[in-house]
Each structure stands twice: as structure tokens, then as C-alpha cells.
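Next come the chains, spelled out residue by residue.
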Amino acid sequence: MSEVLTAKPSSATTDVATTAPVASTGSEHKHNGKSAPKSSVPARQSGRGTRGNLTIIDPNTKLGSGYSQSERDQLAKMYDQTLNKLTANEIVKGKIVAITDAEIAIDIGFKSEGVVSKSEFGPAANDLKIGDEVEVFLETIEDKEGRLVLSRKRAEFIRVWQKIIEAQKTGEVLLARCDRRIKGGMVVDLMGVEAFLPGSQIDVKPVRDFDAFIGKTLDVRVVKINHPNENVVVSHKVLLEEHLTEQRKEIVERLERGQVLEGTVKAIADFGAFVDLGGVDGLVHITDLSWGRVSHPSEIIKLDQTVTVVVLDFDENKKRISLGMKQLTPHPWAEIESRYTLGQKVTGKVVSMTDYGAFIEIEKGIEGLIHVSEMSWTQHIKHPSQILQMGQQVEAVILNIDQDSKKISLGIKQLEPDPWTMFLEKYPMGSKHRGIVRNLTNFGAFVELEPGVDGLVHISDLSWTKKVRHPGEVLKKGEEIDVMILGIDLDNRRISLGHKQVLDNPWENLETIYGEGKDTEGKIVRIIEKGVIVELPMGVDGFVPISQLAFYPIKNISDSFKSDDNLNLRVIEFDAENKKIVLSATEWLKGQDRSALEEFNAKHPIPKETLEEMAKRREEKSAGGRGKRSKVEEGGVDLAQLVESAPSPSELGSFELPEEMLTPEKGETTEG
């Protein structure tokens, strides 16, 4: 007969024989020298035998057929009491019952053991042995394959997560190791859990090198927990701020003007630099960084640099602190006379330029001005950029030192001999030279005698005979002309030139041609209010007053005369000294025949309005003029009578030259 051995039941209600404790040699056990009570499970003898502590079942006997219903219920109740009441998603304790190379079997008091990967225990797995009690996380009581699902890692995470939650509530300081950098901050290891440390929460000052923190362990505080996503945000900055609060309070309480402190450059802006004094920030304005000129604070200091500063000022609440660095060094103007003297040559850098000159830094905090007038002996410098550049190193001579105003005047032309001292020898008075017209102005023309040496030809010295209104009427830029030296002003560095003086003065001989009573021709070159200006032969200008233009009254000269009209004229005044020639058309007409009068009238007809006015006047003067028709009404005039009735120059007196023909006076001019 074959025998069947049973160990643990698979179910409390399965119809199989349940193992009952049976003594191997008797009906009862000994317990502490006494007889142990018999098993509460009745022993069935039919079809059964015993071998050790196992019940031998006859294979011909139906399993479980020997139990009554009450016995079955009692057995199921006893079985249920051997199992723990377990729920998923909680931490439970269990004992290791088996260890293999890859897995560890753990009994948590359930009807089946759970298996956990050995790797979840990490290096500690090598020290585990059967019977050790461990904590695991019950993920699933029974998966789709009917297995118990346990996790050692999840259990460890839950324990850490509970500590993190508690740390947030209590404000406990934890240690976190910076593992790697990500966008916006760092990933840190917080007791085995990955947490996020934002870049703004690493330090109280901006972090420029995140990589420098990788591998470092920092004190942190949990500031935010996202339970659904199991995310943790920590901060190292809050701990620093707490520490700095006390430090800041101590610094502010003992803050005084003139106090010298040490700090770290926290930030740099265009207008200055912010210095961290140990929790309190102060501003060093760009003007307080150095006694010298500073274009940007980065020229003097760098980020994270340790600097020594002095407290200049602060508000009542001590929230705004003004600091200085240059105040810790002597003022450069102190005892400047011992370092610089008049006439001394110095070297400096061009640091600024204006329309009137260039500023040269000869040492930090000491600048001198080279005025445009001190840049060249001969050239007319309009802007310093013509000969200097920003940042250029230049040599100059000290011309003046004003310590009260903290100003130094410099010059660079003084490095060379003054060429004007040699001009009197090279350009004696009355000497003739040839030059090039470089510039034209309303008052004259500048003529270059040699490179850098210009002289002025005044408008009155351009022509003996022409009444020049603007030099552009007779000269052009770039034209080469002959000039004479009229004067040299060494103090004001000016040379007066004349163009007409290279020729003989024609007025000394013009009287023979244009003497009073001489007849000539002239071309109208300009019509003015008082008459016309005419050009006579030999290029001489003359004046014809309006009263001497025609034998009839003239209201508007342009009605009868035009520019470029040629006129027959008689000289009625000649003054060589004042260069004055006055002419008359009517005086010339008085000695002419009727055909000449008609020709003149044809070229310069009497305006209709003038004819009507003349007729009206004659009618009023003629006695008994009723019924008579004047020659005007008949369409003609007595030209000879009109010419004879025209007033003579002697009746009108001397004529003054109009302003347009007066020679301009030489006054103060600005060189061009």
C-alpha cells in the first residue's frame, strides 16, 4: 500500500486530511514533567496509521470523508488564526526563509511567501541570512499569477518619505548631496530620495558656476512637497538668510560714516558696483571707485573680488548704504605743485574730446585740457579729432595749473618752435606771393601761402574798380592767385593779404578817361532802389542815379530798364580818392538829335501810367485848355521838350554813392 504525506493545507475548506499532532510512542506528550493534553482534533483510526508526526492515510479511503461538518469548521478557524490580516500598500515585517543568487524569499505570515530581488537590498544583501527579520512594502496581495508582490526599495522610500514630511513640519535641517545639474537648478540626494534644489535657492548671491557644487553636501530645509508626484523641493538659501539676519543686524547696528569695512563684489552695473558687507549690500558709485576717469566699473573691480571700502553715507533706516573706494587713497591734487611745474613735459592718454579741446589723463585723477588753439601754430583746428584719437598716448607741455579749480592747461604745439617768429623774415611787408584759395566767407577769402599757413584777403582788397559783394563773384575755391603781404599780427596769428595790390591802382589815371563831362558807355549790372550800377570799360563800376536815368519821371526802374542793358552816359562826378564815378543818361541825351532821342525812347519806352500822369499835369497847367487835345492824347510826346526840361545835375547837387557801392570796412573777422 502506498502512503501519502501532507504538510500544510492549501485551503481551510479543501477536502483533504489535515495534519494533527500525534505522539510517536504514546497517546500523550510530556510537558515539563507532566502529561500534555491530547490534541483537540480527534484521531480517526479507520484507514489511518501514524509515522512520526505524520498521519498515514489509506489511499483507498476518501480524503476528508471521516470529518463531520463541525470538525471541518473548527479546522478552518484554526487555520485562519495562523494567517496575518494584511492589506496592500503598507509596510510589513517578515522573516527570510530562503536565499538564492538572485532572490530572497520572505514569509510575512501569509499563506504564501513573497520574493524580493536581491538587488533591492544593495550591498547589505551579502550580510543577510535565513531567519533575519526585514521590512518590506506590500504592493499587491495577489497578482494575476496569484503571487504575493513585495518591495524592499519601496519600503525604504516610504520610511524616508515619512521623515521628509516630518522634517518639513518641524523645519529640521537635512543633508543633501548635489548629484547633477539640470535646467533651473540641481538634483540632490536627500536620504536616498532625489530632490530638486532650485538655482535661486542655492545661495544668497547669484550662482555663476553650478558645476562647482556637484558632489558637495549642503545643509537644506524642505520647503515644498508634491505628494501626488512625490517631488521634493529643498533650499540652502533659507538657512544662509537666517544666519545672515543676525549678522546683518549686528553690522547695521554698528554702522557709522567713515567706517572702513571689507566686502565682496556681488554685482556690477553701469553706474557702479554692489558690495556684500556680510549680509548687507552697499553701492560704490562709479565716481567713487577711483580718482581717475572710469568708463565702466569692470575696469577697476571684478565679481567676487574682496575689496576694502569706506562708508560714505546711509539713510535713517540704513537700507541704502553709499560706499567709496577712492576715499581710502590720498587725493591726487594734494601737493600737486611738488610734482608738476609750468613748462614741464608730461605724457598722458586722451580720455575725452569736445569741440573745444581734448582732455589728457596724466595720472589717475589728474587731467589736463589741450585747447584746440594750443594744438597747432599754423593750422586752424576746428575739432581735436583732426589730429588726436581717443586712447592715444600724447606728449604735452604744462601751460597753467589752477589748484583751486583743479584744472591744468596743456599744449602740444609748444613742443615745436613757433613758426610765426620767422614769418617776418620769410614774408616781409609788401612782398608778393602766390597762394591757393582755400575758403570763401562773406568778408573775404582765405589763401594758403604754404601748408598750414593761411592769410585773409579782405573783400575790399579784391579789386580796385569792382564793387564786390561776395568774394565768390571774382574768386573760386582752389584757384591760384597772386597776393601781397599787407600785415602780420603775431599775437593773434593773423596775416592780412591783398589781391588788388599786386596791380597798379588805376584810379590815379582814370580821370583822363572818366573825368567830369566825358562821354562813355556802361552796362547795367545791378538795379538798386536809388538807381543802377553800371560796368564801364576797364572794369570800372559807376553809378547812375534814378533822376539821371531818363527824361521822364521813373517810379519803378525795372519797368523801363533791365540788367545787361547798354546805356550811353556822361560823367557828372569823378572822385579818385573815394573811387566814385557818377554818370547821367539825360545829360548825354541833351546833346543828341531827335533820332537818338527816339531810339532811346524805343529801347526804354515811357510807361503808360507815366504818360497819363504827364498829360494830366500839362492840362492842369495850360491856360484855357478846354477843347484842346494834347500831343499825349494824339499818341505822341515832344521828346526834345522833355529832355530840355529834365533837371540838370547842378540843380540837384552832389550825389552820394549808395550803400551797395561803399567799400566794406575791415573789422574783426573769424578765420575760416
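Up top you'll find the structure we're talking about.
These numbers come from a predicted model, not from an experiment.

Calculation notes
Residues numbered from 1 in each chain as written. Predicted model: local features only at pLDDT ≥ 70, side-chain atom pairs only at ≥ 80, totals over all residues. Heavy atoms only, no water. Phe/Tyr/Trp six-rings, centres within 6.5 Å; stacked < 30°, edge-to-face > 60°. Buried < 20%, exposed > 50% of the residue type's maximum accessible area, 1.4 Å probe, protein only. Lys NZ or Arg CZ within 6 Å of the ring centre and 35° of its normal. Helix = DSSP H or I, 4+ residues; strand = E, 2+ residues; numbered from the N terminus. Arc of directions from axis to C-beta. Contact = heavy atoms within 4.5 Å. Salt bridge = Lys/Arg side-chain N within 4 Å of Asp/Glu carboxyl O. Core = buried A, V, L, I, M, F, W, Y, C linked by side-chain atoms within 4.5 Å. Pairing = 2+ DSSP bridges. Axes fitted to C-alpha atoms, helices over the stretch in contact; angles between N-to-C directions. Expected span 1.5 Å × (residues − 1). Bend = angle between axes of the 7 residues up to and from the residue.

Draft legend 1. Representation of the packing of aromatic side chains. Summed over all chains, the structure comprises seven aromatic pairs. Relative to Phe 274, the ring of Phe 271 lies with its centre 6.1 Å away and its plane at 90 degrees, an arrangement referred to as edge-to-face. Owing to a relative accessible area of 43%, Phe 271 belongs among the partly exposed residues under this scheme. Taken together, the ring pairs connect Phe 551, Tyr 552, Phe 561 and Phe 600 into an aromatic cluster. The lysine or arginine in question, Lys 216, covers the ring of Phe 213, its NZ or CZ lying 5.5 Å from the ring centre. The residue whose ring lies beneath Arg 257 is Phe 314, and the NZ or CZ to ring-centre distance is 4.6 Å.

Draft legend 2. Region of interest: helix H7 (residues 594–603). For H7, the full list of buried residues reads Ala 596, Leu 597, Phe 600 and Asn 601. Down the axis of H7, the smallest arc covering the buried residues is 135 degrees, so these residues share one side. Within H7, the exposed residues directed more than 90 degrees away from the buried face are Ala 602 and Lys 603. Of the surrounding elements, those touching the buried residues of H7 are helix H6 (585–589) and helix H9 (639–645).

Draft legend 3. Quick peek at the environment of Asn 231. Its place among the elements puts Asn 231 in strand E14 (residues 231–235). Exposure remark for Asn 231: the relative accessible area of 40% places this residue in the partly exposed category. As for Asn 231 and Ala 195, which are separated by 36 residues in sequence, their C-alpha atoms are 6.6 Å apart. In this structure, Asn 231 is in contact with Trp 161, Lys 224, Ile 225 and Asn 226, ignoring residues within four places of it in sequence.

Draft legend 4. A look at the pattern of salt bridges. Going through the model one piece at a time under the given rule, you end up with 20 salt bridges. When the shortest N-O distance is used, the salt bridge between Arg 438 and Glu 448 registers 2.9 Å. Taken together, the residues span a long stretch of sequence, with Arg 438 in strand E25 (residues 432–441) and Glu 448 in strand E26 (residues 444–450) at a distance of ten residues. Linking Asp 519 and Arg 570 is a salt bridge whose minimum nitrogen-to-oxygen distance equals 2.6 Å. Of this pair, Asp 519 sits in strand E30 (residues 519–528) while Arg 570 sits in strand E33 (residues 566–575), and the two are 51 residues apart along the sequence. Taking relative accessible area as the criterion, Asp 519 reaches 41% and is therefore assigned partly exposed. Counted as one network, the salt bridges with shared partners bring together Arg 177, Asp 179 and Asp 189.

Draft legend 5. Structural view of the environment of Tyr 340. On the secondary structure map, Tyr 340 appears in the loop between strand E19 (321–324) and strand E20 (345–354). Tyr 340 sits 61 residues away from Ile 401 along the chain, and the two C-alpha atoms are 8.5 Å apart. Residues within four places of Tyr 340 in sequence aside, it is in contact with Val 346, Ile 362, Glu 363, Ile 398 and Ile 401.

Draft legend 6. Geometry of the nonpolar core. Counting 33 residues, the largest nonpolar core has Phe 551, Phe 561 and Ile 581 as its most contacted members. Of all the secondary structure elements, the ones that give two or more residues to this core are strand E31 (531–536), strand E32 (540–545), E33, strand E34 (580–584), H6, H7 and H9. Tallying contributions element by element places E33 first for this core, with four residues. The contact partners of Phe 551, leaving out residues within four places of it in the chain, are Thr 586, Leu 589, Phe 600, Asn 601, Ile 606, Leu 639, Leu 642, Val 643 and Ala 646.

Draft legend 7. Quick peek at the sheet that holds strand E21 (residues 357–363). Spatially, five strands are ordered E20-E21-E22-E24-E23 in a closed barrel, and the strand pairing comes out mixed. Within this sheet the neighbouring strands show an average axis-to-axis angle of 50 degrees, counted without direction. Bridging between strand E22 (residues 366–371) and strand E24 (residues 407–411) involves three bridges; their strand directions are parallel. Paired with Ile 370 across the strands is Leu 410, a residue of E24.

Draft legend 8. Quick peek at the sheet that holds strand E17 (residues 281–285). Ordered in space as E15-E16-E17-E19-E18, the five strands form a closed barrel in which the pairing is mixed. Strand-to-strand twist across the sheet, computed as the mean angle between neighbouring axes with direction ignored, equals 55 degrees. Bridge count between strand E18 (residues 306–314) and E19: four bridges; the pairing is antiparallel. Note that in E19 the partner of Val 311 across the bridge is Leu 323.

Draft legend 9. Structural detail: helix H3 (residues 237–253). Between its terminal C-alpha atoms H3 stretches 24 Å, which fits the 24 Å expected from 17 residues at 1.5 Å a residue. At Leu 244, H3 is deflected by roughly 30 degrees, the largest bend along its length. Leu 239, Leu 244, Ile 251 and Val 252 are the residues of H3 that are buried. If you follow the buried residues of H3, they end up packed against strand E13 (217–226) and E14.

Draft legend 10. Representation of unusual backbone geometry within the structure. Positive phi, normally seen in glycine, also occurs at Glu 335, with a value near 55 degrees. Mapping Glu 335 onto the fold places it in the loop between E19 and E20.

Draft legend 11. Spotlight on the pairing of strand E23 (residues 393–402). Across five bridges, the pairing between E20 and E23 is antiparallel. Looking at the pairing, Lys 349 lines up with Gln 393 of E23. With five bridges connecting them, E23 and E24 associate as antiparallel partners. Following the sheet pairing, Val 397 is matched in E24 by Gly 411. Here E23 hands over to E24 after four residues, with Lys 406 in that stretch at a positive phi of 55 degrees.

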